[in-house]
Amino acid sequence: MRGRKSAWIAGLVALLITAAPISADELRGVALVIGQSEYDTLTALTNPKADARAMDDALDALGFDVTRILDADVDRFRGEIADFIDEAKDADVALVYYSGHGIEAGGENYLVPVDADLRSPKAAGESLVPLGGLLDGLARIVPVTIVLLDACRTNAFPPGTQILLPGNEGALEVSATGLEAVRGPTPVGRPDLDPEGLGMVIGFAASPGQPALDGEPGGNSPYAAALLKHIAAGGYSFGDLMILVTEEVYLKTKARQLPWTSSSLRRVLSFGTPVEAGEGDEAAIREGRRQLLLSIAAAPDTTRRYVEAVAQSEDVPLDALYGMLKMLGVDASDPGQIEQKLAEGADRLKVLIAETATIDSSDDEILRLSEFAARAEAEGAISVALEFRNRASARAAELSAALDTTQKRIDDRRRELAATFASNGATAIVAFDFEQAAARYRQAYDEVSRVDLPLALRYQRAEADALQSLGEFKGDNDALDRAIAIYASALKLADKEGDPDNWGALQNNMGRTLRVRGQREADPAHLVAAVEALEAALTARTRERVPFDGAVTKTNLGGALTVLGGRRGDNDGLEAAVAAYRDALEVQSKDRTPLEWATTQNNLGAALQRLGERLQGTDVLEQAIAAYRAAFEVRSGETTPYYWATTQQNLGTALTTLGKRADDVELFASAAEAFNNALSEWTRERVPLDWAMAETSLGGLYQHWGSVSDSLDLLERAEAAERAALEVYTEDISPADRAYVQDDLGWTLAMIGQRTGEKGRLEEGKASIEASWAFYRASGQNLDEYFKARIAAIEGVLESLQ
């Protein structure tokens, strides 16, 4: 059928044609909407007719004079196009939407009628409709032309199909990539218009060589759905609208389809008065979504790859991951920030999804706000969702106060209110607002502590988890101590036999918190308690009952044993750490849990390395190197560059230690390559402390290598690396690291001075070592014999040069 709807544009567009503003009521827009579904010889398409009808309605609402064509054969197709061009001669804007098959041959794009005849090249050529003719015709008479092509960028014709175009002598192969970029049409020719026109926008539903997905039967294609969702947005330029459409399709198709737009507009084109409401909760979600889409469009390709990889491996929505990054304002130039926040965010999103999936309330306002929050979270508008959750919690707080006042403590109502607070806490966790999350979970606990102890203990654990995150990521030791106290309180009431999952989780999380706290102090008491808590957790988190939870606890246990064993010089403790990591790897696998598997391999390497440094021989160090190399099977410079650099740094340290055992120059060279690999990703601008650590390691390697090789060049490289590290390791930022490097630099300068006879180098080296010695004396570490021997050796060389 053919449908026509006539109307002058009511606030349709604003074109900056002259300095004086033009009233939107004076502008006229025409639209041609084409939907081709029922093909005679090609694959039928499910949704183009539905897409065309929906676009017809949307454009009509915006004030376009719409012509709609459904399932047109070649004669009708060409006739309707000719009529449309004739009708567009007095229009200011012409918009064409096409949904159906399209091809490219001989540098020209063709739209395909439903009766396309492929029996011979000549018949095929005569039955196609050239897009260029439509564009040229409109460009001569209309200031602005917009063409939106909802067609695949892949070839829909049978392999080997050729076409003979009218007037040509030879047949042409149909391009394998489908529709191609459109060549510029003839400029506008109307005498009353700017001779250069205002330009043209060509929108493709997919990038070159990509399929344009048809969508679910009875619905709309992803491209049409995105257009319908955003085309009526007010306050955006048309260029921004196309960006919104592009990123909407990218998210809805899980990165399988990315639209592509070619624009030659020479002035600003924007839709004027929107047909959608501009205020209220619905509008807040729409605007939050649109701001997210614009931020995604500005994201670097590396950031997109990180987000897509985590979304796929962790099975969490792309929308929410991008929304989390936008909420945090993560520095896209810092891969360490991105990877760490994405990995943590994926786990928190899973909690959020689980928490909000069970929201129910007898209060209409809480239910309404919770539903809006869930919708905002699904749209990736995390800040908007957090505001809805805050409002729901405020409403819940009001209701709670009313219940306390009237003594109506109804158990089920308390659970509803607690769920509202907990949902607020889960959203705050995703937004990395740990303080608010802990407070909301405390409110949830308070609501149900008198009526539902198992549920209350889960909320109490969630409060402690939030404080643990605050302490770990913000360096807040008081938050860690509060978390430990809450875990201990909850464990006094938890029932291991009746609720082993919660009891085991409490023990595991307390053990991890104790390990973080113990790493920050000299007293090993917290580390010992961490090992005890994690071993207790394993009595509930058995491999037979919950293998993956048990593997997480084994990994945490390995971390605590590694720190404790390294600090005590305890080989048995380090061997126990190695055993814990290997037990975890029996459950984790590279295929099912690649990121966790690679992290455990890296941590296993660290434990083996510490053990190998204390043992004779090379076998354990070689095992550490093998574990690091296994981690590289998942960690690459392209997908996880920050953690790849971490493993490169660890590998270089292990190779250095192994090389020193035999003064093996080849191992020294491999270690230097690993350190330099780490430095290629760890730049001073992005991660200065990591960069300084790698420079320190490289300096130590060159110092030893230069000593055994009697190479002045290597010693001078060591000097340069150590001086570079000291530029970052200042007394106010990292005094302990500075003292360590000062000692190394002093000895390097002494060796250089001994070889060159330069007293200045020897005296500078002595001063550097004395500065290091002063730090260790002030910190209570008795290393006097070590430093006295070094100073005496330098003074001996100085005397020999008198």
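Above this text is the structure in question.
Quick caveat, the model's predicted, so the values are computed rather than measured.

Let's shift gears to helix α6 (residues 238-252). The terminal C-alpha atoms of α6, which comprises 15 residues, lie 21 Å apart, in line with the 21 Å expected from a rise of 1.5 Å per residue. Counted residue by residue, α6 has 11 buried out of 15 residues, so it is predominantly covered. For α6, the set of buried residues is Phe238, Leu241, Met242, Leu244, Val245, Thr246, Glu247, Glu248, Val249, Tyr250 and Leu251. Looking at the residues trailing α6, positive phi occurs at Lys254, about 55°.

Within the chain, Ala255 stands out as a residue other than glycine whose phi angle is a positive 70°. The exposure class assigned to Ala255 is partly exposed, which follows from its relative accessible area of 27%. Even without a glycine there, the phi angle at Asp710 is positive, about 50°. Relative to the elements of secondary structure, Asp710 occurs in the loop between α25 (688-709) and α26 (712-728).

Looking now at the nonpolar core. Proteins that are soluble and globular tend to have nonpolar side chains buried together. Leu59, Leu321, Leu342 and Tyr459 are the most contacted members of the largest nonpolar core, which totals 166 residues. A per-element tally of this core places helix α13 (residues 411-430) first, with nine residues. Counting residues in each nonpolar core, the second largest holds 42 residues, with Val30, Val96, Tyr110 and Leu111 among its members.

Tracing the backbone shows Ser393 in helix α12 (residues 382-406). Judged by its relative accessible area of 2%, Ser393 is buried. Within the structure, Ser393 has its side chain in polar contact with the side chain of Asn424 (distance 2.8 Å). Not counting residues up to four positions away in its chain, the partners in contact with Ser393 are Thr420, Phe421, Asn424 and Arg440.

Cut-offs applied
Residues numbered from 1 in each chain as written. Predicted model: local features only at pLDDT ≥ 70, side-chain atom pairs only at ≥ 80, totals over all residues. Heavy atoms only, no water. Helix = DSSP H or I, 4+ residues; strand = E, 2+ residues; numbered from the N terminus. Expected span 1.5 Å × (residues − 1). Buried < 20%, exposed > 50% of the residue type's maximum accessible area, 1.4 Å probe, protein only. Core = buried A, V, L, I, M, F, W, Y, C linked by side-chain atoms within 4.5 Å. Polar contact = N/O pair within 3.5 Å; in protein donor to acceptor, adjacent residues only side chain to side chain. Contact = heavy atoms within 4.5 Å.

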